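# Descriptive analysis of the structure
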Amino acid sequence: MRVAICPGSFDPITKGHVDIIERTSKLFDKVYAVVMVNPTKVPTFSTEERVEMIKQSCAHIDNLEVESYSGLIADYAAQKNACTLVKGLRAVTDFEYEFQQALINKKLNPHLETLFMVTNQEHMYLSSTIVRQVANFGGDIGQFVPKEIKDELIEKMVKEI
């Protein structure tokens, strides 16, 4: 069985994230979307909220499991018998950091490959940071996030202003 992992902070999940997860699900037998817990970052949404947003946004993907993990992604991949990490790239600027991570993960888990998937053109400009900024200023985020979570996101973001 070919198992892939789509890791990220997903704070919040965007249409770009969903696109990468959907495309990955067509290439692999099993896919894990993993909310990575980074102790150096203070997320807007809790780990549980981010997991739930992915579940709601990707409920139509049959071969997907959504989890969170605090630790090295190379270790998580070994636990799940995953052969591939799938990372979305929006621009050349993403590549340098992701390439470095891929090399480190390969050292930590020699059986793990990293697949860089280019984001569809319609989502190239999109990031969770931009979604949070637009929401914080009262802008319409409906075109950036899955419809399943739009209202929930707006409600939470408005409360935090």
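Structure's up top.
Reference entry: report on the structure contained in this document. The structure displayed is predicted, hence computed values, not measured ones.

### Section: the overall build of the protein
Secondary structure summary: the protein contains 6 helices and 5 strands in total. Beginning at the N terminus, the succession of helices and strands in the protein can be written as β-α-β-α-β-α-β-α-β-α-α. Taken over the C-alpha trace, the protein has a radius of gyration of 15 Å; the compact-globule value for 161 residues is 15 Å, and the two agree within 12%. On the principal axes, the C-alpha backbone points of the protein span a range of 45 × 30 × 30 Å. Across the 161 residues that make up the protein, the buried fraction comes to 45%. For the protein, the computed accessible surface area is about 9000 Å², with 54% contributed by carbon and sulfur atoms. Mean positive and mean negative side-chain charge positions of the protein (18 and 22 charges, respectively) differ by 3 Å.

### Considerations on a nonpolar patch on the surface
On the surface, Leu72, Ile104 and Leu108 cluster together into a nonpolar patch covering about 260 Å² of accessible area. Relative to the helices and strands, leucine 108 resides in helix H4 (residues 92-108). Accessibility expressed as a relative area gives 44% for leucine 108, which makes it partly exposed.

### Topic: the sheet that holds strand S4 (residues 84-89)
What holds strands together in a sheet is hydrogen bonding between their backbones, with the strands either parallel or antiparallel. Sheet architecture is open: 5 strands sit in the order S3-S2-S1-S4-S5, paired in parallel fashion. With partners counted over all chains shown, the strands left at the sheet margins are strand S3 (64-69) and strand S5 (113-118), one partner each. This sheet shows a mean twist of 30° between the axes of neighbouring strands, independent of strand direction. Bridge analysis of strand S1 (residues 3-8) against S4 gives 2 bridges, and the strand direction is parallel.

Each value, and the rule that gives it
- Residues numbered from 1 in each chain as written.
- Predicted model: local features only at pLDDT ≥ 70, side-chain atom pairs only at ≥ 80, totals over all residues.
- Heavy atoms only, no water.
- Helix = DSSP H or I, 4+ residues; strand = E, 2+ residues; numbered from the N terminus.
- Rg over C-alpha atoms; globule rule 2.2 N^0.38 Å.
- Buried < 20%, exposed > 50% of the residue type's maximum accessible area, 1.4 Å probe, protein only.
- Areas by Shrake-Rupley, 256 points an atom, 1.4 Å probe, with all protein chains shown as cover.
- Lys, Arg positive; Asp, Glu negative; His and termini not counted.
- Charge placed at Lys NZ, Arg CZ, Asp CG, Glu CD.
- Patch = residues over 30% accessible without salt bridge, like charges linked within 9 Å, V, L, I, M, F, W, Y side chains within 5 Å.
- Salt bridge = Lys/Arg side-chain N within 4 Å of Asp/Glu carboxyl O.
- Pairing = 2+ DSSP bridges.
- Axes fitted to C-alpha atoms, helices over the stretch in contact; angles between N-to-C directions.

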